[in-house]
Structure formats: C-alpha cells, structure tokens
Amino acid sequence: MIEFLRGRVHSTDRGYLVLESNGIGYIVNMVERELHTFYENEEVFINIRLVLREDAAILYGFRHIETRDAFDLLTSVTGIGPKLAMGILDGDDVFNIAKYIISKDEKSLTKLPGIGKKTAQRIILELKDKVEKLDLDLTSMTDDVEIIEEKDDSAVEALISLGYNVYDAKKALEKVDPSIDISERIREALKLMG
C-alpha cells in the first residue's frame, strides 16, 4: 500500500493533479477544495489512499490527514464508494460533516452531493460512534452545532442549485447582512463568490 507521496506538482486539472516523484508522474484524484491550494512546480506531501479495482489502481490524495480519515470512514459506509466519498468531502468541510453526523443532522447531510435521505440516515447510523477516530475537537462541536436559520436554509439551497457547494454557500452567506431579504442575500453571496 502507499501511505503518502512526496514530490513536485507537475500539473493540475479538474479533480486531480499529476505529481512527479522520482521521475514518475502519478495521477492523484483530489477534493477540489484541497486541489486549489496546490501550485505547479510546488514541492508537496500528499496523504494517499490506493483503491484497487479489477480494471484499475486509483490514487486518492489528501493534503490533510483528517480529510483522508474522513474518506476512510465514508467509504466504510454501505453503498458509499470512493467517488461518492470524494463528492461528499468536496461538498463541505470535514469538521462540519462530523458535526452533522454527531448531531444526527440529516437535513444538512442531504445537501451534500449524492446524498439522499436514506444515505444520510445510513451515514449517521454507521458512523456516529466512529467519528471520534477523526481525531477532531469534538467536545466543542457537540455544544455549538450551527443551526441555520430558515431563510439561510433557502438561500443555501438556491446557491447549491446554481452549482455552488454547501461549504462555500454557507461561508458566503455568513458575510452578508442577515437583515436584508433572501433574494438580496443570494445576490450579495453570489458577488462574494465571484
């Protein structure tokens, strides 16, 4: 198995980068949020998960060990494969996903890419007791799990329907004046997200 790779970023593309290590170019699939933090010719260290299939050996890479640990947990859930796990991790921050699981927040989980109500219930059922393995500061999480106001919830859904992920939508809305009406909040959030 491969635990990590250290090398130079040869190139990046949507969903993956090519890492040059000891004269070999490895295609490493990555979460977009982490992928955007890499630059061509940068020397990097990437945590790896090798997934073997009948027809391929696929590398999944993670800048942060917590993201890889979350990937491992998600792929342990019945019906969640590597691609869906990567989509989920691209949809929100690892810490927020852990919060949703601990607080049994099905509604927030169903806003993540590819997650319906049954899958959200299965994630909560199968992972609630395992989330401690992520080695996150969960004590503070259980006390102050963010409850989104109803109007924010609609704004987040509108931004998701426009192609933005949950994490970016929530972050943008946090910066917008909460007293203005929902359509104006969405417009302001879109300006912030460029």
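Residues numbered from 1 in each chain as written. Predicted model: local features only at pLDDT ≥ 70, side-chain atom pairs only at ≥ 80, totals over all residues. Heavy atoms only, no water.

Q: Can you break down the pattern of salt bridges residue by residue, with the values?
A: Using the criterion set out here, one finds eight salt bridges in the structure. Its salt-bridge partner being R8, residue E20 comes within 2.4 Å of it at the nearest N-O pair. Here R8 lies in strand β1 (residues 4-13) and E20 lies in strand β2 (residues 16-21), a separation of twelve residues in the sequence. Since its relative accessible area comes to 31%, E20 is described here as partly exposed. Where salt bridges share partners, they join E3, R49, R68 and D72 into one cluster. (Salt bridge = Lys/Arg side-chain N within 4 Å of Asp/Glu carboxyl O. Helix = DSSP H or I, 4+ residues; strand = E, 2+ residues; numbered from the N terminus. Buried < 20%, exposed > 50% of the residue type's maximum accessible area, 1.4 Å probe, protein only.)

Q: Help me get a handle on helix α10 (residues 182-192), residues and values and all.
A: The set of residues buried in α10 consists of R185, I186 and A189. With its buried residues spanning 100° around the axis, α10 presents them on a single face. Backbone geometry just after α10 places G194 at a positive phi near 75°. (Arc of directions from axis to C-beta.)

Q: Any chance you could break down the packing of aromatic side chains for me, citing the residues and the numbers?
A: Taken as a whole, this structure holds three aromatic pairs when the rule is applied. These aromatic residues form a ring-pair network of at least three members: Y60, F62 and F71. If you follow R63 out to its NZ or CZ, it ends over the ring of F38, 4.0 Å from the centre. (Phe/Tyr/Trp six-rings, centres within 6.5 Å; stacked < 30°, edge-to-face > 60°. Lys NZ or Arg CZ within 6 Å of the ring centre and 35° of its normal.)

Q: Break down the UniProt feature "domain: Helix-hairpin-helix DNA-binding motif class" (unreviewed entry) in the chain for me, citing the residues and quoting the values.
A: Within this structure's numbering, the places UniProt gives as "domain: Helix-hairpin-helix DNA-binding motif class" (unreviewed entry) are residues 72-91 and 107-126. Counted over residues 72-91, helix gives 70% and strand 0%. Its end C-alpha atoms are 16 Å apart. (UniProt positions renumbered as here; feature names shortened; annotations may be inferred.)

Q: Lay out the sheet that holds strand β5 (residues 57-62) in plain terms, naming residues and giving numbers.
A: The mixed closed barrel is built from five strands, whose spatial order is β1-β2-β3-β5-β4. On average, adjacent strands in this sheet sit at an angle of 55° to one another, irrespective of strand direction. As paired elements, β2 and strand β3 (residues 24-30) share six bridges and run antiparallel to each other. Directly across from V18, in β3, lies its bridge partner I27. Against the sheet, helix α2 (residues 65-75) touches β4 (43-52) and β5, its axis set at about 10° to β4. (Pairing = 2+ DSSP bridges. Axes fitted to C-alpha atoms, helices over the stretch in contact; angles between N-to-C directions. Contact = heavy atoms within 4.5 Å.)

Q: Lay out the packing of α2 against helix α3 (residues 82-91) in plain terms, naming residues and giving numbers.
A: Two elements in contact, α2 and α3, have axes separated by 9 Å at closest approach and are oriented at 130°. Between α2 and α3, the interaxial angle falls into the category oblique. Seen along the crossing, α2 lies across α3 with a hand that is right-handed. Packed against α2, whose contacting residues are T67, A70, F71, L74 and T75, the element α3 presents P82, A85, M86, I88 and L89 at the interface. Here the residues of the contact of α2 with α3 are counted per class, giving eight nonpolar, two polar and no charged. (Parallel < 35°, antiparallel > 145°, perpendicular 65-115°, else oblique. Left-handed = near helix turned anticlockwise from the far one by under 90°. Nonpolar A, V, L, I, M, F, W, Y, C, P; charged D, E, K, R; others polar.)

Q: Go over the nonpolar core, please, and point to the residues and values.
A: One broad trend across soluble globular proteins is that nonpolar side chains are buried collectively. Within the largest apolar cluster, 30 residues are counted, with the highest numbers of intra-cluster contacts made by F71, L74, I88, L89, L109, I123 and L127. Elements represented by at least two residues in this core include exactly β5, α2, α3, α4 (94-102) and α6 (117-127). A total of six residues in this core trace back to one element, the largest contributor, which is α4. Leave out the neighbours within four places in its chain, and I88 touches L74, I80, I97, L112, P113, I115 and I123. Grouped together as the second largest cluster of nonpolar side chains are 13 residues, M30, V44, I48 and L50 included. (Core = buried A, V, L, I, M, F, W, Y, C linked by side-chain atoms within 4.5 Å.)

Q: So, the side chain of E32: which residues are in play, and what are the values?
A: For E32, the position within the fold is in helix α1 (residues 32-35). As a buried residue without a salt bridge, E32 has its nearest oppositely charged side chain in R14, at a separation of 4.1 Å. Polar side-chain contacts of E32 include one of 2.7 Å to the backbone nitrogen of G15. Among residues more than four places away in sequence, those in contact with E32 are R14, G15 and D90. (Lys, Arg positive; Asp, Glu negative; His and termini not counted. Polar contact = N/O pair within 3.5 Å; in protein donor to acceptor, adjacent residues only side chain to side chain.)

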